[in-house]
Amino acid sequence: MRLLLVEDDHKTADYIVRGLAEAGHVCDLLRNGHDALFAATSGNYDVIVADRMIPGLDGLSMIKAVRAAGVRTPAIFLTSIGGIDDRVEGLEAGGDDYLVKPFAFSELLARINALGRRPAAQEQKTMLRVGDLEMDLIMRRVTRQGRPIDLQPREFSLLEVLMRGEGRVITRTMLLERVWDFHFDPKTSVVETHISRLRAKVDKPFETQLIHTIRNTGYSLHAPLAP
């Protein structure tokens with residue numbers, strides 16, 4: 001399996017990476033939550049192993065963001081925070097398993113293998129639909145009410161992130177990371193400018209608005225609720 005390990009303690013990380021390699025797994029190691037979020041949302045991993053206390057974006061928030069982005073890769077928390085409430089919090093945040101440090105590597109490996117045997121929650125989507133808006137991920141084509149919408153590559157990526165997070169609030173920070181690969185605030189209106197252009201193509205020619213601004217937070221794309 002291909003695994004993503006998010007661990008900032010060098011000794012622990014080296015121990016795990018070596019053991020996983022000996023067990024025949026490929027393991028990518030990252031040491032902060034922001035980099036891990038970007039990597040995890042690529043959808044190329046079989047299992048994510050994450051500490052909770054990591055720099056940048058903590059492990060709990062990272063997994064929440066991964067789930068909000070629609071990624072269902074199995075995730076196990078490996079952490080020294082081991083209270084009952086902490087375990088419940090981790091599982092409710094989107095974790096599939098929770099192992100407390102200190103740990104036996106054999107148990108960690110068994111849990112990873114068990115998660116890897118689980119059937120995928122869903123097949124990788126090739127078509128996204130929100131209301132009358134459709135996106136063909138293979139043909140890179142967008143239509144609304146059957147009418148083609150011509151998007152620039154960056155606009156397409158921005159709309160894809162919003163559609164995958166249908167009904168959820170996608171923060172400005174998440175958009176900067178997912179669409180522009182920025183792991184810092186560039187202090188520009190690049191997000192707002194592209195959202196405005198996207199609205200002009202996706203919303204303005206039609207009666208129903210799909211892209212909504214969530215004040216001081218971000219954006220959400222969703223169809224209107226039925227009366």
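1. Points about helix H1 (residues 10-22)
Between the first and last C-alpha of H1 there are 18 Å, a value that for 13 residues agrees with the 18 Å anticipated at 1.5 Å per step. Within H1, burial applies to Thr 12, Ala 13, Ile 16, Gly 19 and Leu 20. For H1, the buried positions fall inside an angular range of 140° around the axis, keeping them on one side. When the buried face of H1 is taken as reference, the exposed residues oriented beyond 90 degrees from it are Lys 11 and Glu 22. Gly 24, located one to two residues past H1, shows a positive phi value of around 95°.

2. What about the packing of helix H6 (residues 153-164) against helix H8 (residues 190-202)?
Close contact between H6 and H8 brings their axes to 10 Å; oriented N to C, the two are set at 85°. It follows that H6 is roughly perpendicular to H8 by the angle criterion. Judged by residue contacts, Arg 154, Glu 155, Leu 158, Leu 159 and Leu 162 of H6 engage His 194, Ile 195, Arg 197, Leu 198, Lys 201 and Val 202 from H8. Here the contact of H6 with H8 is built from residues that sort into six nonpolar, one polar and four charged.

Cut-offs used in this document
- Residue numbers here run from 1 along each chain, matching the order of that chain's written sequence.
- The predicted origin of the model limits local features to residues at a pLDDT of at least 70 and limits the giving and counting of side-chain atom pairs to 80 or more, whereas totals for whole chains, interfaces and linings rest on all residues.
- In computing side-chain properties, one takes all heavy atoms of the structure into account and sets aside hydrogens as well as water.
- For the purposes of this entry, the term helix denotes a DSSP run of H or I that reaches at least four residues, the term strand denotes a run of E that reaches at least two, and both are numbered from the N terminus.
- Expected helix span is given by 1.5 Å per residue-to-residue step, counting one fewer step than there are residues.
- Throughout, exposure labels follow a simple rule: accessible area from a 1.4 Å probe, protein chains only, divided by the maximum for the residue type, with under 20% read as buried, over 50% as exposed, and the rest as partly exposed.
- Each C-beta atom gives one direction from the helix axis, and the arc is the one those directions make.
- Angles here are taken between N-to-C directions and fall from 0 to 180 degrees, while the axes themselves are lines fitted to C-alpha atoms, restricted in helices to the stretch in contact.
- Roughly parallel means an angle under 35 degrees; roughly antiparallel means over 145; roughly perpendicular covers 65 to 115; every other angle is labelled oblique.
- The contact criterion used is simple: two residues touch if any of their non-hydrogen atoms lie within 4.5 Å.
- Amino acids outside the nonpolar list (Ala, Val, Leu, Ile, Met, Phe, Trp, Tyr, Cys, Pro) and the charged list (Asp, Glu, Lys, Arg) are all regarded as polar, and Gly is one of them.

Just distances and angles here, no functional claims.
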